[in-house]
Amino acid sequence: MFSAYAYLEGAGYFVDAFGYDCVDEGYVPGFVGGNIDVFVRMTLLKKDLWPLREKYQSYSEDDCFTMIEFLYDHVSKPGSKNFHDWNNCGYHYSEFDRDLGRKEFRSRFLVPLERYGEGWELTEAGEVMSLPPSGMTTLLTARPPTNDKTVLDRMMDATSRFRRHGSTIKEREVAVRDLADVLEWIKPHINMALMNKDSSDLYNIANQFGIRHLNQNQKLEYDKAVWLSWIFYHYLNTINACLHIMKRQGGNASPGIAATKSRE
């Protein structure tokens, strides 16, 4: 992380937010104000993260990802620079473009995040998320074929909660439960897409493994990290498949699912 940050800092990408030093004017604050350390603590509710150059070696993984997100929110590409030659002061930057800065910031962190651990990415929204299993990228980026706000909101919240860096096993269980609830929501129409037994098995999986309706007969001794990842993407894929089939069937779906035929 530090090498990418150091390059962008040296090229003026954080001047707009954090300011700069000048031999004539002294410290010139950016838009976050004159005390960056206080701003970081108030924004992230964490201490000992700034100055980055002094603190980064003691960062935890969560600290590192948090700072990547913070820097993404405050990066801007300078459009012009002028060299202040008095006492070798250096370049002064101006005319900043936040969108271009964020685009180049993401490109700098693309490979390092992909290669770290089991693989991560920095989204356009500025969140560090776990990479999906091979072949699942389209599933996460394509919009589900429905206008049902309940379905869309639950799917989006579950995906964010499951993939977000620092997510706990309990938070991932909640994400899986949310997807099971989406299946419950569309259950009156799911048999149009699946045979009755297959439909029932989808709910039995969540019920038998301590995700929904906890009881004494459930299986609780299993590798949750592995199992939750499998069932999360299985449910997400199933929901999308059912919605696509229901959309193709047009009028057979309920208005609540809003599976109307596309206008082509």
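This text goes with the structure placed above it.
Source: prediction; values computed, not measured.

Observations concerning the overall build of the protein chain
Move 1: Scanning the protein chain for helices and strands turns up 12 helices and six strands.
Move 2: Counting only residues that meet the buried cut, the protein chain has 40% of its 264 residues in that class.
Move 3: Relative to all contacts within the protein chain whose residues are 6 or more apart in sequence, the contacts with residues 24 or more apart total 58%.
Move 4: For the protein chain, the exposed surface amounts to about 15200 Å²; the carbon and sulfur share of it is 50%.

A look at the packing of aromatic side chains
Move 1: Counted by the stated rule, this structure contains 16 aromatic pairs.
Move 2: Measuring from centroid to centroid gives 4.2 Å for Phe 2 and Tyr 56, while their planes differ by 5°, and the two rings are stacked. Of this pair, Phe 2 sits in helix α1 (residues 2-10) while Tyr 56 sits in the loop between α4 (52-55) and α5 (61-73); the two residues are 54 residues apart in sequence, bridging distant segments of the chain.
Move 3: Judged by relative accessible area, Tyr 56 falls into the partly exposed class, the value being 26%.

A look at the pattern of salt bridges
Move 1: Under the definition given, this model contains 14 salt bridges.
Move 2: Here Asp 153 and Lys 149 are joined by a salt bridge, their closest N and O atoms 2.6 Å apart. Taken as a pair, Asp 153 and Lys 149 lie in helix α8 (residues 149-163) at a separation of four residues, close to a single helical turn.
Move 3: Asp 153 gets classed as partly exposed once you look at its relative accessible area, which sits at 27%.

Overview of the packing of α1 against helix α6 (residues 98-115)
Move 1: Contact geometry for α1 and α6: axes closest at 10 Å, N-to-C directions at 155°. For the element pair α1 / α6, the angle class is roughly antiparallel. Taken as a pair, α1 and α6 cross one another with a handedness that is right-handed. Only Phe 105, Arg 108 and Phe 109 of α6 make contact with α1, whose side of the interface consists of Ala 4, Tyr 5, Tyr 7 and Leu 8.
Move 2: When the residues that make up the contact of α1 with α6 are grouped by side-chain class, the tally is six nonpolar, no polar and one charged.

Some thoughts on the pairing of strand β4 (residues 90-97)
Move 1: By the bridge criterion, seven bridges tie strand β3 (residues 77-84) to β4 in an arrangement that is antiparallel. Within β4, the residue paired with Lys 81 across the bridge is Tyr 93.
Move 2: Counted between consecutive antiparallel strands, the loop separating β3 from β4 contains five residues, among which Asn 87 sits at a positive phi close to 55°.

Quick word on unusual backbone geometry
Move 1: Between Trp 50 and the following residue, Pro 51, the backbone shows a cis peptide bond with an omega angle of 5°.
Move 2: Phi angles above zero are rare outside glycine, and Asn 88 is one such case at about 55°.

Quick word on the environment of Glu 118
Move 1: Within the secondary structure, Glu 118 is located in the loop between α6 and β5 (120-122).
Move 2: Classification of Glu 118 as exposed rests on a relative accessible area of 84%.
Move 3: Distance from Glu 118 to Ser 130, taken between C-alpha atoms, is 7.7 Å for residues 12 residues apart in sequence.

What about helix α3 (residues 36-44)?
Move 1: The N-capping residue of α3, defined by a side-chain oxygen 3.4 Å from the backbone nitrogen of Asp 37, is Asn 35.
Move 2: Within two residues after α3, Leu 45 carries a phi angle of roughly 55°, on the positive side.

A word on the nonpolar core
Move 1: Ranked by internal contacts, the top residues of the largest apolar core, which has 29 residues, are Phe 14, Phe 18, Trp 50, Leu 52, Ile 68, Leu 71 and Phe 105.
Move 2: Those elements that provide at least two residues to this core are α1, α2 (15-18), α3, α5, α6 and β5.
Move 3: The biggest single contributor to this core is α5, with seven residues.
Move 4: Once residues within four sequence positions are removed from consideration, Leu 71 is found in contact with Tyr 5, Phe 14, Phe 18, Trp 50, Leu 52 and Phe 105.

Conventions and cut-offs
- Residues numbered from 1 in each chain as written.
- Predicted model: local features only at pLDDT ≥ 70, side-chain atom pairs only at ≥ 80, totals over all residues.
- Heavy atoms only, no water.
- Helix = DSSP H or I, 4+ residues; strand = E, 2+ residues; numbered from the N terminus.
- Buried < 20%, exposed > 50% of the residue type's maximum accessible area, 1.4 Å probe, protein only.
- Contact = heavy atoms within 4.5 Å.
- Areas by Shrake-Rupley, 256 points an atom, 1.4 Å probe, with all protein chains shown as cover.
- Phe/Tyr/Trp six-rings, centres within 6.5 Å; stacked < 30°, edge-to-face > 60°.
- Salt bridge = Lys/Arg side-chain N within 4 Å of Asp/Glu carboxyl O.
- Axes fitted to C-alpha atoms, helices over the stretch in contact; angles between N-to-C directions.
- Parallel < 35°, antiparallel > 145°, perpendicular 65-115°, else oblique.
- Left-handed = near helix turned anticlockwise from the far one by under 90°.
- Nonpolar A, V, L, I, M, F, W, Y, C, P; charged D, E, K, R; others polar.
- Pairing = 2+ DSSP bridges.
- Polar contact = N/O pair within 3.5 Å; in protein donor to acceptor, adjacent residues only side chain to side chain.
- Core = buried A, V, L, I, M, F, W, Y, C linked by side-chain atoms within 4.5 Å.

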